Amino acid sequence: MDFTLDDTQTEIIALTAKVLGKDGDPGSVWHALAEAGLLALALPSDLDGDALGVAEVAQVLTEVGRAAAPVPALPALALGVLPVEALGSPGQRAALLPPVATGEALLTAALHEPSAPLAVRPATTATANGGWRLDGVKTAVPYAAESARILTPVSMPGGTGVFLVDPRADGVTLTASRNSSETPEYTVKLDAVVVSEADLLTESGGGQAVAVLHRFALAGAAALGDGLLAGALALTSRHVGERTQFGRPLATFQAVAQQIADVYIASRTVHLAATSAVWRLARGLDADADLDVAAYWLAEEVPAALAICHHLHGGVGVDETYPLHRYSSAVKDLARAVGGAAHRLGRLGERVAG
């Protein structure tokens, strides 16, 4: 496998880092990303996009994580743009993707149900009645109220599918829920929500639309988590190199050096797992095993590594005016977004047993 970055990816990393390095509130940062063309990378050329894919979008997500920027990059890009581009009809792409690229609208996906993270066989149902009637409950849906459409996996006659649900439609109830990073998140109840065949993502899906959506979600989460841990490691390394105790930098103490080394090893492992998964997905190879491994490392190792970073910061690490809390809060939410460590380990166990 050749994981070497090409010139385009290198330019994307540099441009994203430059945009995120400027001060500003989340709204202005998001619009700056749009103005730089970084939200249009995966759009086709006929929609004024760059016709790139998951590998390039992953570079943007990694840099967003490295800066712990509180912007809706994961739902908009990995849960929205990538699956709509892969599964949507020309009309669906034309209606939904350009407003996201310009920063004027968001997309998101409802991946989870009560006690069922990333449900493969959703309890939410689609019943044919002239059009389609949707019923069910989705949990932990990011930016649901703020999005133009929610990509919603359902069980339907003959299998599963993904519908584009308007969060303002009759029968949709949004209940705000809390998370660690205090970003918008909702429980979404669907009660006899009427949608049409035009709202179903079917193009090139081959009956695997839910699986395609899950793959992009896991790849995006792995890329974002890679950046979050790398950013926290850089912040902590700088702190222990500059902070002195007994007249010496903290980094010169053996116990501190060993702990920061543990964080470095975790960061490099997460980076390799994320890169491998994204690389295989971008090249149309079977990426499911790599995605499961990357998601497990994300859920199991990254929160533990952030705990070490907090420990090495001492009291500074819990100061809300210091940026480390943004990393650890985002990591907690991200680990939950992939189902948690126990769920991810169970999926790996099923793969081995199978």
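Placed above this text is the structure.
Predicted, not measured: the structure shown is a model, and the values here were computed from it.

On to the packing of aromatic side chains. Inspection of every chain in the model, using the stated rule, returns 1 aromatic pair. The residue whose ring lies beneath R248 is F253, and the NZ or CZ to ring-centre distance is 4.4 Å.

Another point: the side chain of E113. Looking at where E113 falls in the secondary structure, it is placed in the loop between β1 (107-109) and β2 (125-129). E113 gets classed as buried once you look at its relative accessible area, which sits at 6%. Setting aside its immediate chain neighbours within four residues, E113 contacts A119, P122, A123, T124, V137, K138 and T139.

Per the counting criterion, the structure on display carries 1 cavity of 30 Å³ or more. Its boundaries defined by the atoms lining it, the largest cavity holds a volume of some 30 Å³. Taken together, L38, L39, A40, L41, A42, V57, V60, L77 and V81 make up the lining of the largest cavity. Those elements that provide at least two residues to the lining of the largest cavity are α3 (54-66) and α4 (73-87). Of the residues contributing to the lining of the largest cavity, the split by class is 9 nonpolar, no polar and no charged.

Conventions adopted
- Residues numbered from 1 in each chain as written.
- Predicted model: local features only at pLDDT ≥ 70, side-chain atom pairs only at ≥ 80, totals over all residues.
- Heavy atoms only, no water.
- Phe/Tyr/Trp six-rings, centres within 6.5 Å; stacked < 30°, edge-to-face > 60°.
- Lys NZ or Arg CZ within 6 Å of the ring centre and 35° of its normal.
- Helix = DSSP H or I, 4+ residues; strand = E, 2+ residues; numbered from the N terminus.
- Buried < 20%, exposed > 50% of the residue type's maximum accessible area, 1.4 Å probe, protein only.
- Contact = heavy atoms within 4.5 Å.
- 1 Å grid on protein atoms, 1.4 Å probe; cavity = no way out; pocket = protein on both sides within 12 Å on 5 of 7 lines; lining within 4 Å.
- Points joined across faces, edges and corners; volume = space filled by probe spheres on them.
- Nonpolar A, V, L, I, M, F, W, Y, C, P; charged D, E, K, R; others polar.

The quantities given are spatial measurements derived from coordinates; they are silent on function.
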